[in-house]
Amino acid sequence: MLGLLGDEWTLLVVQQALLGATRFAEFKTRLPISNSVLTRRLRSLTRDGLLDRRVYQMNPTRSEYLVTPRSRSLWPVLLSIWEWERHWVPDHAERLPNMRHDACGADFAALVICRSCGEAASEKDVVAQWGPSGGWPRSMPVASTRRRSEADQRDAAAGLFPQTMSVLGNRWGFALLVAAFVGVSRFTDFQSQLGAPPGSIADRLSIFTANGVLVGSDNRYRLTEKGPSLFGVLVVALQWAQRWFLAPEGPAVILTHTGCGGPFGAVLACDQCAEPLTGAQIAAV
């Protein structure tokens, strides 16, 4: 998950594919991305099963990139990002679209509920523990993410979800936020637990504090109210990863809902009719 979703360009390319882009020129028109970066992302997304490359013209060769079940099932992640941005990031360059639940006909907000009991859940109601394939060393990014210039970061954040991209669109950012959720607070503890370069930790902590997700004092960092509200994004991203990249020995993380004592699986529900949402029933308006 960190390798795929912890990259701002990957998320933005998948976002545009789910919104209907299929060809290289369409992605280029919609995103402030260079030809070389887009070529690499399309290649890696095809390799990892999130896009299906199909040749539609032979001379010269022209291809289109179609969503797959693996990328289509990312809709809860993107919907959760939209929900967070809608509440916490008021100054978008472009207006965020409203989301309509076709089943009830209402514009809605997405609620996280427990699959076991059907009750609403937050980060305060869910306990996480390592599963058979879990542990910090096995959960870290397999490749380092180079530090981008400020101009690169501004360009990558130019999609529908600019602040989420600056917070989560980095492999170490995803990992650091998870560590903060489970109680890590000191700079040295982030570094030792994650095994990340000091520069990467400092860079992510600076961005998190600038965006109001963390507040720091005396070399300690704690989540603000804005930080825990990212729970929905993290839990559905984890759920997606454990569905599509399950290790043979079992899940990496086991979640328990303290409200009912059962295993926690996140379900997104409509706040207007209380029914579970499906990707096919959601429209941007």
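About the cut-offs
Residues numbered from 1 in each chain as written. Predicted model: local features only at pLDDT ≥ 70, side-chain atom pairs only at ≥ 80, totals over all residues. Heavy atoms only, no water. Helix = DSSP H or I, 4+ residues; strand = E, 2+ residues; numbered from the N terminus. Buried < 20%, exposed > 50% of the residue type's maximum accessible area, 1.4 Å probe, protein only. Areas by Shrake-Rupley, 256 points an atom, 1.4 Å probe, with all protein chains shown as cover. Core = buried A, V, L, I, M, F, W, Y, C linked by side-chain atoms within 4.5 Å. Contact = heavy atoms within 4.5 Å. Axes fitted to C-alpha atoms, helices over the stretch in contact; angles between N-to-C directions. Parallel < 35°, antiparallel > 145°, perpendicular 65-115°, else oblique. Nonpolar A, V, L, I, M, F, W, Y, C, P; charged D, E, K, R; others polar. Phe/Tyr/Trp six-rings, centres within 6.5 Å; stacked < 30°, edge-to-face > 60°. Lys NZ or Arg CZ within 6 Å of the ring centre and 35° of its normal.

Peer 1: What am I meant to see in the overall build of the protein here?
Peer 2: For the protein, the count of helices and strands is 13 helices and 11 strands. A buried classification covers 48% of the 285 residues belonging to the protein. Within the structure as shown, the protein displays about 13900 Å² of accessible surface, and the carbon and sulfur contribution to it stands at 51%.

Peer 1: Looking at this structure, I do not really get the nonpolar core. What am I missing?
Peer 2: When a protein is soluble and globular, its nonpolar side chains tend to lie buried together. Counting residues in each nonpolar core, the largest one holds 77 residues, and the members touching the most others are L79, F190, L194 and F264. Per-element tally for this core: the top contributor is helix α13 (residues 231–244), with nine residues. Among all residues touching F264, those that are not within four sequence positions of it are V112, I113, C114, A121, V126, F231, V235, L255, T256 and H257.

Peer 1: Could you clarify how one ought to interpret the packing of helix α10 (residues 171–181) against helix α12 (residues 198–210) in this entry?
Peer 2: Two numbers describe a pair of packed helices, the interaxial angle and the distance between the axes. One way to put it is that α10 packs onto α12 with a least axis distance of 10 Å and a crossing angle of 70 degrees. Between α10 and α12, the crossing angle belongs to the class labelled roughly perpendicular. Touching W172, G173, L176 and L177 of α10 are S200, I201, R204, L205 and F208, all from α12. When the residues that make up the contact of α10 with α12 are grouped by side-chain class, the tally is six nonpolar, two polar and one charged.

Peer 1: Is there a simple way to explain unusual backbone geometry in this structure?
Peer 2: Glycine aside, negative phi is the norm for most residues, and most peptide bonds take the trans geometry. The amide bond that connects N59 to the next residue, P60, takes the cis arrangement and shows omega of -5 degrees. Note that P60 resides in the loop between β1 (51–57) and β2 (62–67). Although it is not a glycine, D218 sits at a positive phi angle of roughly 50 degrees. Mapped onto the elements, D218 comes out in the loop between β7 (214–217) and β8 (220–223).

Peer 1: Looking at this structure, how should I read the environment of A274?
Peer 2: Position of A274 relative to the elements: it lies in the loop between β10 (266–270) and β11 (282–284). Exposure remark for A274: the relative accessible area of 56% places this residue in the exposed category. Residues A274 and C104, 170 residues apart in the sequence, show an inter-C-alpha distance of 9.8 Å.

Peer 1: In this structure, what is going on with the packing of aromatic side chains? I would like to understand it.
Peer 2: To describe a pair of aromatic rings, you give the distance between the ring centres and the angle between the ring planes. The final tally for this structure, using the stated rule, is three aromatic pairs. Here W82 and F108 contribute two aromatic rings whose centre-to-centre distance is 6.2 Å and whose plane-to-plane angle is 55 degrees, an arrangement assigned as tilted. Of this pair, W82 sits in helix α6 (residues 75–88) while F108 sits in the loop between β4 (106–107) and β5 (110–114), placing them 26 residues apart in sequence. Each of the two residues, W82 as well as F108, counts as buried. When the centroid spacing of 5.6 Å and the interplanar angle of 65 degrees are considered together, the rings of W240 and F245 count as edge-to-face. You can call F245 partly exposed: its relative accessible area is 38%. Between R23 and the ring centre of Y56, over which it is positioned, the NZ or CZ distance is 3.8 Å.

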